[in-house]
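Below, each chain spelled out in residue letters.
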Amino acid sequence: MVITGAVSGYVALFAWRRRAMPGATGLAVLALASGWWSVGYLFELLVEDVTLKLTLANLQWVGVLAAPLAWFLFSFSYAGRDRYTAPASLLALSVLPLAGLVAVWTNPAHHLMWSSVSVVPAIGRTITVLQTEWGPLYWVVLGYSYLLWLAGAVVIFRTALDMPNIYRLQATALILGTLMPVLGNVATTFLELYGAAIDMTPAAFAFAGLACTVAVSRYELLEARPVPRWVARERVVETMTDAVIVTDTKWRITDANQAAKRILGDPAAELKGNPVSDVIEEFSPDERDTDHLTVRLGSGHRYFELRTNAFTDHHGRDIGHALVFRDVTDRRLNLQQLEVMNRVLRHNLRTEANLLEGYANLVLDDIDAGELDDARGHAQTLHDHASTLVNISQKARKLGATRGGDGDGNGDIRLLPAAVQIRAAADAIRTEFAHANVRVHDLPDHDFVCAPTLEPIVRELVENSVQHDPAATPVVTVTTTHEGDELAIRIEDNGPGIRSSELAAINAHGETQLRHASGLGLWLVKWGVDQLGGTVTFDAHDEGGTEVVLRIPALQEE
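Everything numeric here is computed off the predicted structure, so don't read it as measured data.

Peer 1: It is not clear to me how the packing of aromatic side chains should be interpreted in this structure. Could you clarify?
Peer 2: Any two aromatic rings considered together are summarised by their centre-to-centre distance and by the angle between their planes. For the structure shown, the criterion picks out nine aromatic pairs. Between Phe 72 and Phe 76 the ring centres are 4.0 Å apart and the planes differ by 25°, which places this aromatic pair in the stacked class. Here Phe 72 and its partner Phe 76 are both found in helix α3 (residues 50-78), four residues apart, which amounts to about one turn of the helix. For the pair Phe 72 and Phe 76, a shared accessibility class is recorded, and that class is buried. Seen from their ring centres, Trp 523 and Trp 527 are 5.1 Å apart, and the 25° between their planes marks the pair as stacked. Of this pair, Trp 523 and Trp 527 both sit in helix α19 (residues 521-532), four residues apart, which is roughly one turn of that helix.

Peer 1: It is not clear to me how empty space enclosed by the protein should be interpreted in this structure. Could you clarify?
Peer 2: Any space left empty among the atoms is revealed by the rolling of a water-sized probe across them. On inspection of all chains with the given rule, the structure shows three cavities of 30 Å³ or more. Considering only enclosed or pocket space, the largest cavity measures out at about 570 Å³ in volume. Lining the largest cavity are 34 residues, with Trp 37, Trp 61, Trp 134, Tyr 138 and Asp 199 positioned closest to its centre. Counting residues per element, the ones that place at least two in the lining of the largest cavity are α2 (24-46), α3, β1 (114-122), β2 (127-134), α7 (136-161), α8 (165-192) and α9 (201-219). Broken down by element, the residue count for the lining of the largest cavity peaks at nine residues, all from α3. Looking at side-chain class alone, the lining of the largest cavity contains 23 nonpolar, eight polar and three charged residues.

Peer 1: Help me out: how do you make sense of the sheet that holds strand β10 (residues 448-450) in this one?
Peer 2: Pairing between sheet strands relies on hydrogen bonds along the backbone, with the strands arranged either parallel or antiparallel. Across the sheet, which stays open at both edges, the three strands sit in the order β8-β10-β15 with antiparallel pairing between neighbours. Looking at the sheet topology across the chains shown, the edges are occupied by β8 (416-417) and β15 (555-556). As defined by bridge partners, β10 adjoins β15 across two bridges and the pair is classed as antiparallel. Paired with Phe 448 across the strands is Gln 556, a residue of β15.

Peer 1: Is there a simple way to think about the nonpolar core in this case?
Peer 2: Side chains of nonpolar character tend, in soluble globular proteins, to be buried together. Grouped together as the largest cluster of nonpolar side chains are 46 residues, with contacts concentrated most on Trp 61, Trp 71, Phe 74, Met 113, Trp 149 and Ile 156. Elements with a minimum of two residues in this core: α1 (2-17), α2, α3, α5 (95-105), α7, α8 and α9. If we skip the residues at most four places from it in the chain, Met 113 touches Trp 61, Gly 100, Ala 103, Val 104, Asn 107, Trp 134, Gly 135, Leu 137 and Tyr 138. Counting 42 residues, the second-largest nonpolar core is a separate cluster that includes Cys 450, Leu 487, Leu 520 and Ile 552.

Peer 1: When you look at the side chain of Gln 60 in this model, what are you seeing that I'm missing?
Peer 2: Among the structural elements, Gln 60 can be located in helix α3. Of note is the side chain of Gln 60, whose polar atom sits 2.5 Å from the side chain of Glu 44. What Gln 60 contacts, discounting residues up to four positions off in sequence, is Trp 36, Trp 37, Gly 40, Tyr 41 and Glu 44.

Peer 1: Would you take a moment to explain the pairing of strand β13 (residues 535-540) for this structure?
Peer 2: For a regular strand, side chains alternate in direction, first toward one face of the sheet and then toward the other. Looking at chain direction, β13 and strand β14 (residues 546-553) are connected through six bridges and run antiparallel. Within β14, the position partnered with Ala 540 by the bridge is Thr 546. Joining the antiparallel neighbours β13 and β14 is a turn of five residues, in which Gly 544 adopts a positive phi near 110°.

Peer 1: Would you mind going over the side chain of Asn 185 with me for this structure?
Peer 2: Relative to the helices and strands, Asn 185 is located in helix α8. With relative accessibility at 11%, the residue Asn 185 sits in the buried group. Excluding anything up to four places from it in sequence, Asn 185 contacts Trp 37, Leu 142, Tyr 146 and Thr 201.

Peer 1: What am I meant to see in the environment of Thr 481 here?
Peer 2: Note on placement: Thr 481 falls in strand β11 (residues 475-483). The class of Thr 481 is partly exposed, set by a relative accessible area of 28%. Remark: the alpha-carbon pair of Thr 481 and Asp 442, spanning 39 residues in sequence, is separated by 7.0 Å. Beyond its immediate chain neighbours, meaning those up to four positions away, Thr 481 contacts Glu 486, Leu 487, Ala 488 and Arg 490. Of note is the side chain of Thr 481, whose polar atom sits 3.5 Å from the side chain of Arg 490.

Peer 1: I would appreciate a short explanation of a nonpolar patch on the surface in the present structure.
Peer 2: Taken together, the side chains of Leu 176, Leu 179, Met 180, Leu 183 and Phe 207 define a hydrophobic patch exposed on the protein surface, amounting to about 450 Å² of accessible area. Mapped onto the elements of the fold, Leu 183 is located in helix α8. On the basis of relative accessible area, Leu 183 is assigned to the partly exposed category, the value being 46%.

Peer 1: What am I meant to see in the pattern of salt bridges here?
Peer 2: Side chains that differ in sign of charge can pair as their charged atoms come close. Following the criterion strictly, the structure yields 12 salt bridges and no others. Arg 326 is the salt-bridge partner of Asp 242, the closest N and O atoms lying 2.7 Å from each other. Taken together, the positions of Asp 242 in the loop between α10 (229-239) and β3 (243-247) and Arg 326 in strand β7 (residues 318-327) put the pair 84 residues apart, joining distant regions of the chain. Exposure remark for Asp 242: the relative accessible area of 9% places this residue in the buried category. Note that Asp 530 is salt-bridged to Lys 526, the shortest N-O span being 2.6 Å. Separated by four residues within a single helix, Asp 530 and Lys 526 lie in helix α19, roughly one turn from each other.

Cut-offs applied
Residues numbered from 1 in each chain as written. Predicted model: local features only at pLDDT ≥ 70, side-chain atom pairs only at ≥ 80, totals over all residues. Heavy atoms only, no water. Phe/Tyr/Trp six-rings, centres within 6.5 Å; stacked < 30°, edge-to-face > 60°. Helix = DSSP H or I, 4+ residues; strand = E, 2+ residues; numbered from the N terminus. Buried < 20%, exposed > 50% of the residue type's maximum accessible area, 1.4 Å probe, protein only. 1 Å grid on protein atoms, 1.4 Å probe; cavity = no way out; pocket = protein on both sides within 12 Å on 5 of 7 lines; lining within 4 Å. Points joined across faces, edges and corners; volume = space filled by probe spheres on them. Nonpolar A, V, L, I, M, F, W, Y, C, P; charged D, E, K, R; others polar. Pairing = 2+ DSSP bridges. Core = buried A, V, L, I, M, F, W, Y, C linked by side-chain atoms within 4.5 Å. Contact = heavy atoms within 4.5 Å. Polar contact = N/O pair within 3.5 Å; in protein donor to acceptor, adjacent residues only side chain to side chain. Patch = residues over 30% accessible without salt bridge, like charges linked within 9 Å, V, L, I, M, F, W, Y side chains within 5 Å. Areas by Shrake-Rupley, 256 points an atom, 1.4 Å probe, with all protein chains shown as cover. Salt bridge = Lys/Arg side-chain N within 4 Å of Asp/Glu carboxyl O.

Written as structure tokens, this is what we have:
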């Protein structure tokens, strides 16, 4: 028991100096508890006075009841099962030991821990031991303590099975070492059924201390904590950027990682139990054999590539599925922009360049023929097409600015009041097209903010309305309303409307040789709105004119 006290003191000091390490606190408390128990029992054996002997025995109960709890805390921390070592869990586990400690000190009032105690000589009458008739609560506390010891040993054993040799040796040393006090206690309990017996548990704690010392000195206990395979897999899935949803064989959601919960906007508790097709409209279990499927998730309007894998048991039977969503929004956007720019280079620029060349030749011919009025007319047409080229160039530059973002270089977007941006867009059009009547109504409060992308979007739509309206005074009205968690910005005009062919490619999210817009303007609007996380719709009025509705998240500045 002297050895136990010395070894326990060494282990407690070692663990306390590394108390920031997982499991160190549990190991320190375990060492202190076993040392307290062992040294206390040594003094108990040496004293002869019954009252003092009983007081020392009662004091030992602090170590007796704390040791199994400390072992549980250490082993579950060592195995990475941190949820069981949270304060609430430990408090719940401590209820019965605390009740036992109270019962020890109040035993004369109820005799739940023991009914009688007497002093009996032992080892040739050189020492005396207590002979105790245990009460019912003692057996409950004893069984509970054995369960804590067993749970700790099992969890360490299971963790060590999947680990490299160094951790298996750590676990073997710990389990064998802590098994000895338990065996000593079991043996003492059986012996006490036949009379007084010396408690072998305190002495057996020396083996536990030595095992911990070996694990510390040779196998880097506390310095090298194992990462159980299930913990590693859970952490990888939880921290990966891809969204992962797990379903049962009926395609009902049973689990989702953090990325999936963030994208879908629902906590795991609300997702679980729902059919996956109810949560993701584009998904159908009948199409699960499709290797790639682009879907839209949540309110962010981002695009994801879907891969589906089936889980099978050891007999090859399906037990569930894993759906992995990879964000391909940037890739899809790049592809769209390549398609559009290819069309601009291949068709628009070539057509305008050919027209410039043709009208330039006409101007030269008119000048050679002395037909200056015709030359002036052809020069004006030449100027108009040159302006078209400049316009395409400017919009291509806006496209680059849109993709480049409006951040501060650190990835942070500088948000601006929506009202300021809408008014700035209207003022710019009024300056550029003095003949137009641009009206702005019901601007939002200044605490509604969004990325600076909103201004070029509104400006593009208003400019498009003015440019394509043949009236002498085009009228464009911009109205803003706050609807739920969105800002709805309506841009109405009395012009001829947008051709359905122009909108076909926008609504189909891509261009083909037969389906494409005529310029870049509508694509700038579409990509800008996507970047804001909003939507845009185009509605033709029966009486003429178009209403464009932008819906963007209503972010309020704090």
